[in-house]
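Spelled out, the chains give:
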Amino acid sequence: EIEAIAFDIDGTLYPQNRIHWHAIFHYIIHVCFFSHYGIVRSKLHKMKPLEDLNDTQVELMAKSLHCSKDVAKEKLRKIVYDGLKKYFKRIKCFDDVPETFEKFKNAGFKLALLSDFPPEQKGEIWGVKKYCDVVLGTEQLGALKPDPYSFLEMAKQLNVEPSKILYVGNSRKYDVVGSHNAGMKSAYLVPFSKRLFKKSIKEPEILFCNYRQLQNIVLQ
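In this text the structure is predicted, and so the values were computed from the model without any measurement.

K.L.:
What is the right way to look at helix α11 (residues 211-219) in this model?
P.N.:
Each α-helix turn comprises 3.6 residues. Residues three or four places apart therefore point the same way. Buried within α11 we find Tyr211, Leu214, Gln215 and Val218. The arc that holds the buried residues of α11, viewed along the axis, is 100°, so those residues lie on one side. Elements that come into contact with the buried residues of α11 comprise β1 (4-7), α6 (97-106), β4 (165-169), β5 (185-189) and β6 (206-208).

Laid out in C-alpha cells, this is it:
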C-alpha cells in the first residue's frame, strides 16, 4: 500500500544529542536566547497555518526579547540558522541511513524529507538528498508539525495519496501524530530510553531501532 516514504531529519537521520554535544559552548553562550526561542517555537507548534511563519517567529522573538524585529531577525539568523550550520559538518548520521535511501529508491518508492528546520542547513544531508523527489521545510510552508498542513503539501508535491505515504520520525508528539493527522502511516524510531525500560508504544504502524531493521520491515 506504500508508494512513498518521507523522513524527518533532526533526531531521525542523526542522533539529536550529537548537535547538543558539538555545539555545547554555542548553547551555553546563548543560553538566554535559546530559552526565549524554545518558548516561541512551542507557541508556533500550536498555531494553525500562517501566511508567513518566519515573520510571525521574528515578531514573537522581538516581543520576548524586548527588541526590534530587525534585531530579532538578525539574532535568529546569526544564532540559530547560520550559527548552528557549521556544526552539522562534524556530525555523522545514523548507521545505514544512505544505504536505506538508496535501497528504497531502487525498490521504486518516491522519497521525501520534511523537517521543521530548513533542510539546506544540513547541506547535502549526508548524501541522501540526491535520492529525494521532494525536500521541504515546514517553516517555509507555514505550519510546524504536528499540524497536517505541511504533511499534506508534501503529499501534493509527491503526487501521492496521503494514505500511501509512510512518514519516518523520532517524535511521537510531532512526527507520529502529525502524519496520522494527515492520514499517513508512521514509522517511529524508538529512542534508547524507551527500549531500555521497555515502554509500550502503540500508535505507530512500524517501530524500529535502527535503519537495517527498517529496511527489513519495509522491503520484506
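There is more to say, and it comes next.
K.L.:
Where do I start with the pattern of salt bridges in this structure?
P.N.:
Any two side chains of opposite charge can pair, given that their charged atoms come close. Within the structure shown, the criterion is met by 16 salt bridges. Here lysine 105 makes a salt bridge to aspartate 133, at a shortest N to O gap of 2.9 Å. Note that lysine 105 is positioned in helix α6 and aspartate 133 in the loop between β2 (110-115) and β3 (134-137), a separation of 28 residues in sequence. In this structure aspartate 133 comes out as partly exposed when scored by relative accessible area, which is 41%. Put simply, lysine 156 and glutamate 153 hold a salt bridge, and the shortest N to O gap is 3.7 Å.

K.L.:
How do you make sense of the environment of aspartate 70 when you look at a structure like this?
P.N.:
Relative to the helices and strands, aspartate 70 is located in helix α5 (residues 69-85). Taking relative accessible area as the criterion, aspartate 70 reaches 66% and is therefore assigned exposed. Considered as a pair, aspartate 70 and glutamine 140 are 70 residues apart in the sequence and their alpha carbons are 19 Å apart.

K.L.:
Help me out: how do you make sense of the packing of helix α4 (residues 53-65) against α5 in this one?
P.N.:
The description of two packed helices rests on the angle between their axes and on the distance between the axes. For the pair α4 and α5, the least separation of the axes is 8 Å and the interaxial angle reads 105°. Taken together, the axes of α4 and α5 are roughly perpendicular relative to one another. Of the residues in α5, those touching α4 at Asn54, Asp55, Gln57, Val58, Glu59, Met61, Ala62 and Leu65 are Lys69, Ala72, Lys73, Lys75, Leu76 and Tyr81. A breakdown of the residues in the contact of α4 with α5 according to their chemical character gives 7 nonpolar, 2 polar and 5 charged.

K.L.:
What exactly am I supposed to notice about the sheet that holds β1 here?
P.N.:
Neighbouring strands of a sheet are bound in pairs by backbone hydrogen bonds; such pairs are parallel or else antiparallel. Read across the sheet, 6 strands follow the order β3-β2-β1-β4-β5-β6 without closing on themselves; strand pairing throughout is parallel. For this open sheet the edge positions go to β3 and β6, each flanked by a neighbour on one side alone. This sheet shows a mean twist of 20° between the axes of neighbouring strands, independent of strand direction. In the sheet, β2 pairs with β3 via 4 bridges, with the strands oriented parallel. Within β3, the position partnered with serine 115 by the bridge is glycine 137.

Conventions and cut-offs
- Residues numbered from 1 in each chain as written.
- Predicted model: local features only at pLDDT ≥ 70, side-chain atom pairs only at ≥ 80, totals over all residues.
- Heavy atoms only, no water.
- Buried < 20%, exposed > 50% of the residue type's maximum accessible area, 1.4 Å probe, protein only.
- Helix = DSSP H or I, 4+ residues; strand = E, 2+ residues; numbered from the N terminus.
- Arc of directions from axis to C-beta.
- Contact = heavy atoms within 4.5 Å.
- Salt bridge = Lys/Arg side-chain N within 4 Å of Asp/Glu carboxyl O.
- Axes fitted to C-alpha atoms, helices over the stretch in contact; angles between N-to-C directions.
- Parallel < 35°, antiparallel > 145°, perpendicular 65-115°, else oblique.
- Nonpolar A, V, L, I, M, F, W, Y, C, P; charged D, E, K, R; others polar.
- Pairing = 2+ DSSP bridges.

Read these as spatial facts, not as claims about activity.
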